[in-house]
Amino acid sequence: MNDSSRTCELCASTGGECLWQNTLCRIVSVGDPDYPGFCRVILNRHAAEMSDLPSEEQQELMRIVFTVETVVRDVVKPDKINLASLGNMVPHVHWHVIPRWREDRCFPNPIWAPAQRPAATNPAANDPARTGRLREELARRLGPPETLANGGQS
């Protein structure tokens, strides 16, 4: 473990409720009531940039990100999906898969921008079965999740 990974939030914690994982990455639910279905795809070892990964891992990670996008679209039915990989605050490879609605607090701006309006009541936020459906659909499309000895963290 290097110094960067010792202080890295995504190396030290799961980063959300784990929905699916394999040896390369994990998919977690962020649990944001304003953006139901918001997921992160997090690399299971410390790397700061996509270009730090071998080509095969870059391609596999993006295949998983695109699968998560499709699953979120099918399960929560947003108006739009935002994909983001910033890493300015947490320099660890991870992708945000963010469902967006025209009436959400920040639309059309990024969710990190100042709110444009009060939080809307989103019907998808009140769906207690949503997380289970996301988990089931991810396993159906990506295969069964792997059980990792360290819970998926590097």
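Every value quoted in this text rests on a predicted model; they were computed, and no experiment measured them.

Asker: Give a description of the confidence of the model for the protein that names residues and reports values.
Answerer: Regions with low pLDDT should not have their predicted coordinates read in detail. Chain-level statistics for the protein give a pLDDT mean of 90 and a share of 92% at 70 or above. Per-element confidence in the protein ranges from a low mean pLDDT of 56 for helix α1 (residues 3-6) to a high of 98 for helix α3 (residues 55-76).

Asker: Report on the environment of arginine 45, specifying residues and quantitative values.
Answerer: Along the polypeptide, arginine 45 turns up in the loop between β3 (39-43) and α3. Note: C-alpha distance between arginine 45 and histidine 92 (47 residues apart in sequence) is 8.4 Å.

Asker: Quick one: what's the story with the pairing of β3, residue by residue and with numbers?
Answerer: For β3, a buried count of four out of five residues is recorded, marking the element as mostly surrounded by other parts of the structure. In this sheet, β3 lies alongside strand β2 (residues 25-29) in antiparallel orientation, the contact comprising five bridges. Across the sheet, residue isoleucine 27 finds its bridge partner in β3, namely valine 41. Inspection of the sheet shows β3 paired to strand β5 (residues 94-100) by four bridges, in the antiparallel sense. Residue pairing in the sheet places valine 41 in a bridge with tryptophan 95 of β5.

Asker: Run through the pattern of salt bridges, naming residues and quoting values.
Answerer: Two side chains that carry opposite charge are able to pair once their charged atoms sit near each other. For the structure shown, the criterion picks out ten salt bridges. Here arginine 45 and glutamate 57 are joined by a salt bridge, their closest N and O atoms 2.4 Å apart. A residue pair is termed long-range when its members are at least 10 positions apart, and arginine 45 in the loop between β3 and α3 and glutamate 57 in helix α3 qualify at twelve residues. Using a relative accessible area of 33% as the deciding quantity, one classes arginine 45 as partly exposed. The partly exposed category is assigned to glutamate 57, whose relative accessible area is 23%. For glutamate 137, the salt bridge goes to arginine 140, with nearest N and O atoms at 2.6 Å.

Asker: Please give an account of the nonpolar core that cites residues and values.
Answerer: In this structure, Ile27, Val41, Leu61, Ile64, Val68, Val72 and Leu138 are the most contacted members of the largest nonpolar core, which totals 29 residues. For this core, the elements supplying multiple residues, two or more each, are β1 (17-21), β2, β3, α3, β5 and α4 (130-142). Here the element with the most residues in this core is α3; it accounts for nine residues. Here leucine 61 is in contact with Leu24, Cys25, Val41, Met50, Leu53, Val93 and Trp95, once residues within four sequence places are set aside. Counting six residues, the second-largest nonpolar core is a separate cluster that includes Cys8, Cys11, Val28 and Ile42.

Asker: Can you tell me about the environment of asparagine 82, naming the residues and giving the values?
Answerer: Looking at the element boundaries, asparagine 82 is found in strand β4 (residues 80-84). Accessibility expressed as a relative area gives 22% for asparagine 82, which makes it partly exposed. Along the sequence, asparagine 82 and threonine 7 sit 75 residues apart, while their C-alpha atoms lie 28 Å from each other. Within polar-contact distance, the side chain of asparagine 82 engages the side chain of arginine 100 at 2.8 Å.

Reading the values: the criteria
- Residues numbered from 1 in each chain as written.
- Predicted model: local features only at pLDDT ≥ 70, side-chain atom pairs only at ≥ 80, totals over all residues.
- Heavy atoms only, no water.
- pLDDT = per-residue confidence, 0-100.
- Helix = DSSP H or I, 4+ residues; strand = E, 2+ residues; numbered from the N terminus.
- Buried < 20%, exposed > 50% of the residue type's maximum accessible area, 1.4 Å probe, protein only.
- Pairing = 2+ DSSP bridges.
- Salt bridge = Lys/Arg side-chain N within 4 Å of Asp/Glu carboxyl O.
- Core = buried A, V, L, I, M, F, W, Y, C linked by side-chain atoms within 4.5 Å.
- Contact = heavy atoms within 4.5 Å.
- Polar contact = N/O pair within 3.5 Å; in protein donor to acceptor, adjacent residues only side chain to side chain.

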